[in-house]
Amino acid sequence: MAKNFLDENGFLVKRRPLTRTFTVPLEREEIEVNYFTDSELYAAKNSPMIFDLEIYPNYFLAAFQHYYNKKVVTFEIFPGREVFNYQKLLWVMHNFCLVGFNSLKFDIPILWLAMTGATVDDLHQAVFDIIVGNMRSNEIEMKYRFKMGVINTIDLIEVAPLSASLKAYGSRLHTSRLQDLPFDPAVELTPDQAHQVKLYCINDLAMTAELLTSLEPQLNLRVAMGKEYGLDLRSKSDPQIAETVICSEIAKLNGKRPKRPKIAPGTSFKYQVPNFVSYKTPLLQNVLKLVRNAEFVIKDNGQVQEPPEFKQLKKLRIGSSTYTMGIGGLHSTEEKVSHKSDDEFLLIDRDVASYY
């Protein structure tokens, strides 16, 4: 902590807040990039390689950084640059374990599309299809008429705790350099701007490598479980691991993998209330009657639409608390609450494995 924030006893000095704040550009030295020679790249095969892509209307970049020696190899499509080396890129894809962030849904299909000889326009449109159109990998394959190959790859986005952007994870890991995309992805780049985008991408590679290091225990567990069950679990979240393993074990017993039922949009049904469910108070009796008679309709996205009758259940007074009820059940409504023990009440913390 800076000394000017401390008094002579080491305590924080209260400072009068500034009446104005100023935003100033932060000048930073350009990051140093150590590129692979072909012989060094060959010698480093069969090891982890962090990768990321950048796509603009007139620029495509695939950048790879070795996890251990930090050396970089890049592949670019840009007017006036050297010819895109498809064979070398394919060799990298098949001779390293490629580690990315959100790579299974984004980088991997775009990378394979680039290997077909697609133009930058096609690649940029495919990016639009994925980000704006929410198209999945198999839909990208169908639209652009190609088939992705099988490579050794890990996507960290589901392994990382909670849900956040790569920049947010970098902040939490106290990364040394945090940088936003320097130019709007919809603009055409000049050669100097393309160079800046490349350095930005390589900085993201270093951040992804830091995230990989922090997730080493989780990945080791996934590798060990994968060996036990004969599955690749490295890119899966904890719930996805459970689903994958259970489905695999069921398939071994029954010869079939369980599949999610397909229910046509517009299908309606009523909740079948179990016989043992009943209430004594008139309020909850009326709530149960409303739920029993309500029609639930399947929406186009497969989710259940909340019945309009549920609008009556937004403020249910039960005891001294107010609750709201929706598709997910009954929920308390207070934004914040404080409970204290006294002569009449005792606070007890119960540690349970699950409520499900």
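To be clear, the structure that these remarks concern was listed above.
Attention in this report is confined to the structure presented alongside it. (Residues numbered from 1 in each chain as written. Predicted model: local features only at pLDDT ≥ 70, side-chain atom pairs only at ≥ 80, totals over all residues. Heavy atoms only, no water.)

Right, let's talk about the packing of helix H3 (residues 103–114) against helix H4 (residues 120–131) for a bit. Direction vectors running N to C along H3 and H4 enclose 155°, while the axes themselves pass 10 Å from each other. Relative to H4, H3 is oriented roughly antiparallel. Here H3 runs over H4; the crossing is right-handed. Across the interface between the two elements, Lys105, Phe106, Pro109, Ile110, Leu113 and Ala114 from H3 touch Asp122, Leu123, Ala126, Val127, Ile130 and Ile131 from H4. Residue composition of the contact of H3 with H4, grouped by class: ten nonpolar, no polar and two charged. (Axes fitted to C-alpha atoms, helices over the stretch in contact; angles between N-to-C directions. Helix = DSSP H or I, 4+ residues; strand = E, 2+ residues; numbered from the N terminus. Parallel < 35°, antiparallel > 145°, perpendicular 65-115°, else oblique. Left-handed = near helix turned anticlockwise from the far one by under 90°. Contact = heavy atoms within 4.5 Å. Nonpolar A, V, L, I, M, F, W, Y, C, P; charged D, E, K, R; others polar.)

With that out of the way, let us pick up the sheet that holds strand S7 (residues 296–298). Strand order in this open sheet of three strands is S6-S7-S8, and the pairing throughout is antiparallel. Edge strands, defined here as strands with exactly one partner in the open sheet, are strand S6 (268–269) and strand S8 (304–305). Relative to S7, S6 is paired through two bridges, and the arrangement is antiparallel. Of the residues in S7, the one forming a bridge with Phe269 is Phe296. (Pairing = 2+ DSSP bridges.)

Structurally, the position occupied by Asn203 is in helix H7 (residues 191–214). Overall, the relative accessible area of 7% leaves Asn203 in the buried class. Contact partners of Asn203, with chain neighbours within four places excluded, come to Ile31, Arg177 and Gln179. (Buried < 20%, exposed > 50% of the residue type's maximum accessible area, 1.4 Å probe, protein only.)

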